[in-house]
Amino acid sequence: MEWLTGPFEVTFVQRALVGGLLVSAVTALAGTWVVLRGMAFLGDAMSHGLLPGVAVAALLGGSPLVGAAASAVVMAAGVTLIGRTPRLSQDTSIGLLFVGMLSLGVIVVSRSQSFAVDLTGFLFGDVLAVGEEDLLVLAVALAAASAVTALGHRAFVALAFDERKAHTLGLRPRWAHAVLLGLLTLAIVASFHIVGTLLVLGLLIAPPASMLPWARGVPAVMAGAAVLGASATFCGLLLSWHLDTAAGATISAVAVAQFFLSRTAAALRPRRAPRPVAAAAAPAPAPADDRSAADLGVPRS
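Residues numbered from 1 in each chain as written. Predicted model: local features only at pLDDT ≥ 70, side-chain atom pairs only at ≥ 80, totals over all residues. Heavy atoms only, no water.

Undergrad: Quick question: what am I supposed to make of the packing of helix H9 (residues 153-161) against helix H11 (residues 173-195) here?
TA: The packing of two helices is summarised by the inter-axis angle and the distance between the axes. Two elements in contact, H9 and H11, have axes whose closest approach is 9 Å; the angle formed by their N-to-C orientations is 105°. Between H9 and H11, the interaxial angle falls into the category roughly perpendicular. Across the interface between the two elements, Ala 155, Phe 156 and Leu 159 from H9 touch Pro 173, Ala 176, His 177, Val 179, Leu 180 and Leu 183 from H11. For the contact of H9 with H11, the per-class residue count stands at eight nonpolar, one polar and no charged. (Axes fitted to C-alpha atoms, helices over the stretch in contact; angles between N-to-C directions. Helix = DSSP H or I, 4+ residues; strand = E, 2+ residues; numbered from the N terminus. Parallel < 35°, antiparallel > 145°, perpendicular 65-115°, else oblique. Contact = heavy atoms within 4.5 Å. Nonpolar A, V, L, I, M, F, W, Y, C, P; charged D, E, K, R; others polar.)

Next up, the structure:
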C-alpha cells in the first residue's frame, strides 16, 4: 500500500496530481471536438505555434503564459484567414503556419544563452513544478472551457457532422468554428506549461479517442475522457516516481497506452447477435466503433 500512496504524501506531487486532473478535464472538453472533427494536425500545429510568444516572453522577462496566449491568437487567426484562400487546402495553410511559427520561435530562442534548457522546458513541461498560481489558472481555464462547451454544444455538434445542416439551422458554422478554435487554444495554453507542447496532444487526443468505441453521445465521451485522463495522470505520476522517469512524458505515454488497450478491447468484444429473418430486409446496424450524427446527438431539422 505504501508503494501506491507514498509518492502522493509529498506536497509537490500532490500539486502535480491536482494540476494533472484539471488539465485532464480541460483537454477532455476541447479534445473531444478535436477527435470528432479530425483536427489533430491543427492541434499539433497550435501547440507548437506557441513557441515564438513563449520565447519572446522569456527573453523580455515576462509571463510565458501571456506570451503563449498572444502567439496562440496569432496562430488561430492565421489559420482562419489563410484557410479561406481559394485553391489552398486547410492542411496546406496549417502546415505553412506550423513551420513558420516553429521556425520563428527557434530563431528567437536561439538568441538566448540558455537555448537547450528553454526549449526542453517548452516541449516537455514540468508537471512536478506546478505551483498554487498554476492551479488557479487551470481552475479558471476549466470554468471558461465548461461554459463555452455548454453554450456552444448544439452548434459544435452540428458543425462536427454536417456544416450545411448547421447553416440550415441558423447556427453560424463560421462563428462556431472560430469559438471552437478558441476552446482549443484555451486548452493548449492552459496545459502546455504542465506537460509541454510536445506532450499536450497525448491528453488532448488519446482519452477522447479511447472513449469513442464505448460512449454514445458527446457528453459521455467528454466525461469518460476526463476520467481516463485523470487515471493516466495518477498512474503516470506513480510510475514516474518509482521508475525515475519524466513525469509529463510518462503521463502522456499512459494515455496513449489506454487508447491501444481500448481499441484492442473494442475489437475483441462480441459482435451483436444476428436479427430475426423477418428483419433481414432492414439496413444492417452500423459497427460499434462508428459514430453517426444521431449517435452523438446532432440536432435534427
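Undergrad: What should I look at first to understand a nonpolar patch on the surface in this one?
TA: On the surface, Met 1, Trp 3, Leu 4, Leu 239 and Leu 243 cluster together into a nonpolar patch covering about 560 Å² of accessible area. Counting residues per element, the ones that place at least two in the nonpolar patch are helix H1 (2-5) and helix H13 (218-243). Tracing the chain through its elements places Leu 4 in helix H1. You can call Leu 4 partly exposed: its relative accessible area is 34%. (Patch = residues over 30% accessible without salt bridge, like charges linked within 9 Å, V, L, I, M, F, W, Y side chains within 5 Å. Areas by Shrake-Rupley, 256 points an atom, 1.4 Å probe, with all protein chains shown as cover. Salt bridge = Lys/Arg side-chain N within 4 Å of Asp/Glu carboxyl O. Buried < 20%, exposed > 50% of the residue type's maximum accessible area, 1.4 Å probe, protein only.)

Undergrad: I keep staring at the nonpolar core and nothing clicks. Help me out?
TA: Counting residues in each nonpolar core, the largest one holds 44 residues, and the members touching the most others are Trp 33, Leu 42, Leu 50, Leu 184 and Leu 204. Top contributing element to this core by residue count: H11, with nine residues. Aside from chain neighbours lying at most four places away, what touches Leu 184 is Ala 30, Val 34, Met 39, Leu 42, Gly 43, Met 46 and Leu 204. Counting residues in hydrophobic clusters, the runner-up holds 25 residues, among them Val 130, Val 200, Leu 238 and Val 254. (Core = buried A, V, L, I, M, F, W, Y, C linked by side-chain atoms within 4.5 Å.)

Undergrad: Help me understand the environment of Arg 37 in this model?
TA: Tracing the backbone shows Arg 37 in the loop between helix H2 (11-36) and helix H3 (40-48). In this structure Arg 37 comes out as partly exposed when scored by relative accessible area, which is 25%. Through-space distance from the C-alpha of Arg 37 to that of Phe 161 is 7.9 Å; in sequence the pair is 124 residues apart. Among all residues touching Arg 37, those that are not within four sequence positions of it are Leu 159, Ala 160, His 177 and Leu 180. Of note is the side chain of Arg 37, whose polar atom sits 2.9 Å from the side chain of His 177. (Polar contact = N/O pair within 3.5 Å; in protein donor to acceptor, adjacent residues only side chain to side chain.)

Undergrad: Help me understand the environment of Val 137 in this model?
TA: Positionally, Val 137 belongs in helix H8 (residues 132-151). Judged by relative accessible area, Val 137 falls into the partly exposed class, the value being 30%. On a C-alpha basis, the gap between Val 137 and Leu 65 in space is 9.6 Å, while along the polypeptide they are 72 residues apart.

Undergrad: Looking at this structure, how should I read the side chain of Gln 258?
TA: Within the secondary structure layout, Gln 258 lies in helix H14 (residues 247-268). Engagement of the side chain of Gln 258 in a polar contact is seen with the backbone oxygen of Leu 228, the distance being 3.4 Å. The residues touching Gln 258, leaving out its near neighbours within four places in the chain, are Ser 210, Leu 228, Ser 231 and Ala 232.

Undergrad: Help me out: how do you make sense of H2 in this one?
TA: Because the α-helix completes a turn every 3.6 residues, residues three or four places apart line up on one side. Relative to the 38 Å expected for 26 residues at 1.5 Å per residue, H2 spans 37 Å between its end C-alpha atoms, a close match to the ideal helical length. Of all bends in H2, the biggest is about 35°, found at Ala 28. A large share of H2 lies buried, amounting to 19 of its 26 residues. Phi for Gly 38, located one or two positions after H2, is positive at around 65°. (Expected span 1.5 Å × (residues − 1). Bend = angle between axes of the 7 residues up to and from the residue.)

Undergrad: Looking at this model, I keep getting lost on the packing of aromatic side chains. Mind explaining?
TA: Each aromatic ring pair is summarised here by two numbers: the centre-to-centre distance and the angle between the ring planes. Applying the stated criterion across every chain, the model contains five aromatic pairs. Considering the side-chain rings of Phe 8 and Phe 234, the 4.7 Å spacing of their centres and the 10° angle between planes classify their relative orientation as stacked. Here Phe 234 lies in helix H13 and Phe 8 lies in the loop between H1 and H2, a separation of 226 residues in the sequence. With 6.2 Å between their ring centres and 70° between their planes, Phe 41 and Phe 98 make a pair best called edge-to-face. Residue Phe 41 is located in helix H3, and its partner Phe 98 is located in helix H6 (residues 90-110); the two are separated by 57 residues in the primary sequence. Lying over the aromatic face of Trp 214, Arg 269 brings its terminal NZ or CZ to 4.6 Å of the ring centre. (Phe/Tyr/Trp six-rings, centres within 6.5 Å; stacked < 30°, edge-to-face > 60°. Lys NZ or Arg CZ within 6 Å of the ring centre and 35° of its normal.)

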